[in-house]
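Fold and contact review
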Amino acid sequence: MLLLLAALTMAPSQAPLPPYRRLATVRIFDEAYEPPTLVQGVRLYTGSNGQLCAYDLHTLKAAWRLRLGIEDRPETVALGRDLYVTTSGKQPSLLAVDPRSGRIRWRLPRKDASGPIVVRPNVLYLALTPDAVSALDLHSHKPRWTRKFAIKNSQGGSGNIEAISEAGGGLAINAGNTTYGVDATTGRVVWGEPESYMFHRELSVAKGIVWVPTGNGGVARQIRTGRVLWRSEAHSNGEFAAVMGDRFIGLGGGKAFALEARTGKPVWSQTVGPSNQSGGFQYGSLVGDHLFFVGATKALICDLSGKLRWTGKPSEALPKPLWSDGNVIVCFDGDRLVRYGHGVEPALPTDSVARKALAADMVTRFDKLDQSDIARLETLGDEAFSAVLKGLLEAGA
């Protein structure tokens, strides 16, 4: 299931801009499928099948690694007093993990594999029983209330609770292609928005206003009362959604854009692909004071006002950026952390012997290369053939 949660608590810094030079690569997983990520300060929390780990984004070194059951797949990681992790698999669970040591403090079995979780003082909002959301008391580890939803198009074992957000005592919950407004104290349903299809588990909330996806557009509602402030079919957040102050940031329908949360008025917009093309490797990311977008046909970097700082092809873009200290930027491609700095690679040698030696070196560390490195290796042409052939033979041995 698709999930991406990022909490950046560092003060905004000016992330370095292209051209980029890869400085280091660290493999975290051998093979992962859309692992959940949470960035808190300089630490990354993430997990894949059977494991959960924390990495220092400054040093790219593991702080700890926790082995789970082989069928336990982390779905969401959220930070409060502890690191709270929902897992799916043969026995879905909620884990409370010490964020410093990686030690499991307690575990609670669940009967629903849905992943979303919201942390608030003394309470968690998550799915514990099928097609329902509960307010779990963190002292007693028992639900204060549970609200079950009628699901018309069940997704079976993967769970049907797609998103949960909270603000000002109101919850927005997407369950079975309907988004509901729920009183956070009592669990009473206050409002509903049908035909609300989620493509990522984030319902963005700005100043008590929730941006709910509907069809090819969206609607803004007061999260507590459900009052509709505006509707728009012109702006979709199907690929990415975020909040900056009183603005919604979105990616979808071939556009990256910002809207005023209260009025829906466009603040800025950039075209990144055809309006009818979705999915693929599109992404959005907010790091420091820059927004990074990859659309179907164009990639771009802009500042918070929407001013373009760089544009190029999707193949020229970085893996999804996670963090920057102003000098370097760290990205995550799902399996590896990759650190970049501003700069260019040295020119390729012209001497045949030197070109063959460079190709051999690159093939030896192929698992650390990015798309730019691979394109550089391809540029070596015939001089790279023997090194590539040798690498393939050794890999197959």
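All values derive from a computational prediction rather than experimental measurement. (Residues numbered from 1 in each chain as written. Predicted model: local features only at pLDDT ≥ 70, side-chain atom pairs only at ≥ 80, totals over all residues. Heavy atoms only, no water.)

1. Let's talk about the sheet that holds strand E32 (residues 336-342)
Defined as follows: When DSSP finds two or more bridges between two strands, those strands count as paired. Strands are runs of DSSP state E lasting at least 2 residues, helices are runs of H or I lasting at least 4, and numbering of each runs from the N terminus. Note on method: axes are straight lines fitted to C-alpha atoms, helices fitted across the in-contact stretch only, with angles between N-to-C directions ranging 0 to 180 degrees.
What the 4 strands build is an open sheet, ordered E1-E32-E31-E30; its pairing is antiparallel. Whereas interior strands pair on both sides, the edge strands pair on one side only; in this sheet they are strand E1 (20-27) and strand E30 (320-324). Averaged over all adjacent pairs, the angle separating strand axes in this sheet is 30°, with direction ignored.

2. Remarks on helix H1 (residues 352-364)
Just so we agree on the cut-off: Any helix carries an expected span of 1.5 Å times its number of residues minus one. Counting of polar contacts relies on pairs of N or O atoms within 3.5 Å, with two restrictions inside protein: one atom must be capable of donating a hydrogen and the other of accepting it, and residues adjacent in sequence are counted only when both atoms are side-chain atoms.
With 13 residues, H1 extends 18 Å from end C-alpha to end C-alpha; this agrees with the ideal 18 Å at 1.5 Å per step. Of the residues flanking the start of H1, the one acting as N-cap is Asp 351, its side-chain oxygen 3.1 Å from the backbone nitrogen of Val 353.

3. Observations regarding the confidence of the model for the protein chain
The cut-off we apply is this: A residue's pLDDT is simply how confident the predictor is in it, with values from 0 to 100. It only takes one pair of heavy atoms within 4.5 Å for two residues to be counted as in contact.
Summary statistics for the protein chain give a mean pLDDT of 91 and a share of 93% for residues scoring 70 or more. Contacts for the low-pLDDT stretch residues 1-11, under 50 throughout, to residues beyond four places or in other chains number 39 contacts.

4. Details of the environment of Val 330
In this structure, Val 330 sits in strand E31 (residues 328-332). When the C-alpha positions of Val 330 and Asp 303 are compared, they lie 18 Å apart, and in sequence the two are 27 residues distant. Discounting residues that sit within four places of it in the chain, Val 330 has contacts with Leu 57, Leu 60, Pro 321, Leu 322, Trp 323, Leu 337, Val 338 and Arg 339.

5. Focus on the pattern of salt bridges
Opposite charge on two side chains permits them to pair, given that their charged atoms come into close proximity. What counts here: Any Lys or Arg side-chain nitrogen found within 4 Å of a carboxyl oxygen on Asp or Glu counts as a salt bridge. Accessible area is worked out with a 1.4 Å probe on protein chains only. A residue is then buried under 20% of its type maximum, exposed over 50%, and partly exposed in between.
If you walk through the whole model with that rule in mind, you get 12 salt bridges. The shortest N-O distance in the salt bridge between Asp 373 and Arg 22 comes to 2.5 Å. Remark: Arg 22 occurs in strand E1 and Asp 373 occurs in helix H2 (residues 371-379); sequence separation between them is 351 residues. Overall, the relative accessible area of 5% leaves Asp 373 in the buried class. Relative accessible area serves as the criterion here: at 14%, Arg 22 is assigned to the buried category. A salt bridge links Arg 105 to Asp 82, with the nearest nitrogen and oxygen atoms 2.5 Å apart. Of the two residues, Arg 105 sits in strand E9 (residues 104-109) while Asp 82 sits in the loop between strand E6 (73-79) and strand E7 (83-88), which places them 23 residues apart along the sequence. With a relative accessible area of 33%, Arg 105 lands in the partly exposed category. Under the relative-accessibility criterion, Asp 82 is labelled buried at 8%. Here the salt bridges share partners, and the residues they tie into one network are Asp 82, Asp 98, Arg 100 and Arg 105.

6. A short note on the packing of aromatic side chains
Selection criterion: A pair of aromatic rings is counted whenever rings of Phe, Tyr or Trp (Trp by its six-membered ring) have centres within 6.5 Å, and the orientation is called stacked for planes under 30 degrees apart, edge-to-face for over 60 and tilted otherwise.
Scanning the entire structure with this criterion turns up 9 aromatic pairs. Judged by centre distance (5.9 Å) and plane angle (75°), the rings of Trp 211 and Phe 257 are edge-to-face. In this pair, Trp 211 is assigned in strand E19 (residues 209-214) and Phe 257 in strand E24 (residues 255-260), connecting sequence segments 46 residues apart. Here Phe 257 falls in the buried class, since its relative accessible area comes to 0%.

7. A look at the sheet that holds strand E10 (residues 117-120)
The antiparallel open sheet is built from 4 strands, whose spatial order is E10-E11-E12-E13. The two strands at the open ends of the sheet, each matched to only one other strand, are E10 and strand E13 (143-148). Adjacent strand axes in the sheet meet at a mean angle of 10° when their direction is disregarded. As paired elements, E10 and strand E11 (residues 123-126) share 4 bridges and run antiparallel to each other.

8. Here we look at the environment of Arg 339
Mapped onto the elements of the fold, Arg 339 is located in strand E32. In this structure the C-alpha to C-alpha distance between Arg 339 and Leu 60, which are 279 residues apart in sequence, comes to 8.4 Å. Ignoring anything within four residues of it in the chain, the contact list for Arg 339 reads Arg 21, Arg 22, Leu 23, Ala 24, His 58, Thr 59, Leu 60, Val 328, Ile 329 and Val 330.

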